[in-house]
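# Fold and geometry: a report
Here is how the chains run, residue by residue.
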Amino acid sequence: MKQSVSVIASFIFLISIPISPCAQEKEVTLEEVVVTGTRDVQEIRKIPANVTVITKEEIEQSNSQNVIGLMRNEVGVVVRDYYGTGKTASVDIRGFGETGLLNTLVLVDGRRVNEIDLSGVDWTQIPLDQVERIEIVRGSGSVLYGDNAVGGVINIITKTPEKPFSAKAEGVVGSYHYNRESGSVGGKWGPLSAILHAGYNATEGYRENGFLRSKDVGGRLIYELNQDISFNLSGSLHKDDAGYPGSLYEEDIHRLSRRATLRPDDEAETDDRYGVLGIKAKLWDLGRIEADFSCRNRKVDDSFPSFSFNDQRNLITLGVTPRYILEKSVWRFPNKLTLGFDFYRSDSDVNSVSSLGPNESEVRKESTAFYALDEFSVLKDLIFSFGYRHEWVTYD
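Residues numbered from 1 in each chain as written. Predicted model: local features only at pLDDT ≥ 70, side-chain atom pairs only at ≥ 80, totals over all residues. Heavy atoms only, no water.

Counting 23 residues, the largest nonpolar core has Val67, Met71, Trp123, Ile134, Ile154 and Ile156 as the members making the most contacts within it. Among the secondary structure elements, those contributing two or more residues to this core are α4 (67-71), β4 (77-81), β5 (89-93), β6 (104-108), β8 (131-138) and β9 (152-158). The dominant element in this core, judged by the number of residues it contributes, is α4, at four residues. Ignoring any residue separated from it by four or fewer positions in sequence, one finds Met71 in contact with Ile54, Val77, Val79, Val91, Trp123, Ile136 and Ile154. Of all hydrophobic cores here, the second largest spans eight residues; its members include Leu107, Ala149, Tyr371 and Leu373. (Core = buried A, V, L, I, M, F, W, Y, C linked by side-chain atoms within 4.5 Å. Buried < 20%, exposed > 50% of the residue type's maximum accessible area, 1.4 Å probe, protein only. Helix = DSSP H or I, 4+ residues; strand = E, 2+ residues; numbered from the N terminus. Contact = heavy atoms within 4.5 Å.)

So this is what it looks like as structure tokens:
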């Protein structure tokens, strides 16, 4: 009995000893930053919306084959991948349903990739091995981005060189004859940074005629003229051909199988390329200026013998998006002002042939917008945000 009392007394004495200062130190985690919230690097806590960041580590640990697969488990994000290859997938934020693809803006390094013909985003043009992280902002971003941003914004950030020299090669195989081979090489030498990547992705798909074969080559070049001025040149070339097995009725499934198709010859080819020149310049105490000049050319050749229809589409999009950012306190309160100008011009040519005969159409869309956003921090966690956007859009 005395021995038990001694043990209990010793235990109480040990737990009552003050913890040393070293043991009390906690691990400090820095705030994550996102780009999409205010078209500039910003702490998550300062963004008046629900934000999720899929990090580089999460991407490397996932078993996803494409970008669509990474977003399937995100709260408030509904993914509909009709053929399982990502080619005809749609992403819906905040429950817009069938119009979700029209109300979700998708960006790659801040560059718009939504189509003007309302056909949605071609997710196969964004190879997973090139992605650094994905930022999902739930909530309207119309002031900063205009149309397509009512439900939310998805910004896909691609990789940039960080080490003096690095090279990587990867190969993956899976079900339904899935295979992916990719490689990259890059480095940082003084003021110059460069990265080049290439990849091949192929699968036969679950359905007959549900194949997808894609090739990608791209890169980025960053040159820092000095500590105040830097240039960023990036570009990519994407080609793919895919089969479209179409839908099946219940009687077709029982008569054939779930994997069968009634349209064995329907397919499409895509050639998508873009180039972006970005400039960043600090104006000492007067803020900073950032500007992007982009050009994209997308060609699609559809062939649908089951409908006696085929068409060729050619889309050219030019974009100029300069912005001015000033971070300066007002009456000792932190304040951030963003002024910007967006100009996009898209020319679409469509030549189609059907049982009714040939048809040609040309569509030109021009949008010009000015916007302003001011963020006034009354307290650390109390920020007032004021924004305004005026946009002119013309269709010809």
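Right, let's get into the side chain of Thr124. Mapping Thr124 onto the fold places it in the loop between β7 (111-112) and β8. According to the relative accessible area criterion, Thr124 is buried, its value standing at 10%. Among the polar contacts made by the side chain of Thr124, one reaches the side chain of Asp122 at a distance of 2.6 Å. (Polar contact = N/O pair within 3.5 Å; in protein donor to acceptor, adjacent residues only side chain to side chain.)

Turning our attention to the pattern of salt bridges. Two side chains carrying opposite charge are able to pair once their charged atoms lie near each other. Under the criterion given, the structure shown has 29 salt bridges. Between Arg313 and Asp302 there is a salt bridge, with its nearest N and O atoms 2.6 Å apart. Highlighted residues: Arg313 in strand β17 (residues 309-320) and Asp302 in strand β16 (residues 288-304), separated in sequence by 11 residues. Note on Arg313: relative accessible area 24%, which makes it partly exposed. Owing to a relative accessible area of 7%, Asp302 belongs among the buried residues under this scheme. For Arg345, the salt bridge is made with Asp347, and the minimal N-O distance between the two is 3.2 Å. For Arg345, a relative accessible area of 26% translates into the label partly exposed. If you follow the salt bridges from partner to partner, you end up with Asp40, Arg288, Glu290, Asp292, Arg323, Glu327 and Lys336 in one network. (Salt bridge = Lys/Arg side-chain N within 4 Å of Asp/Glu carboxyl O.)

By themselves these figures say nothing about function.
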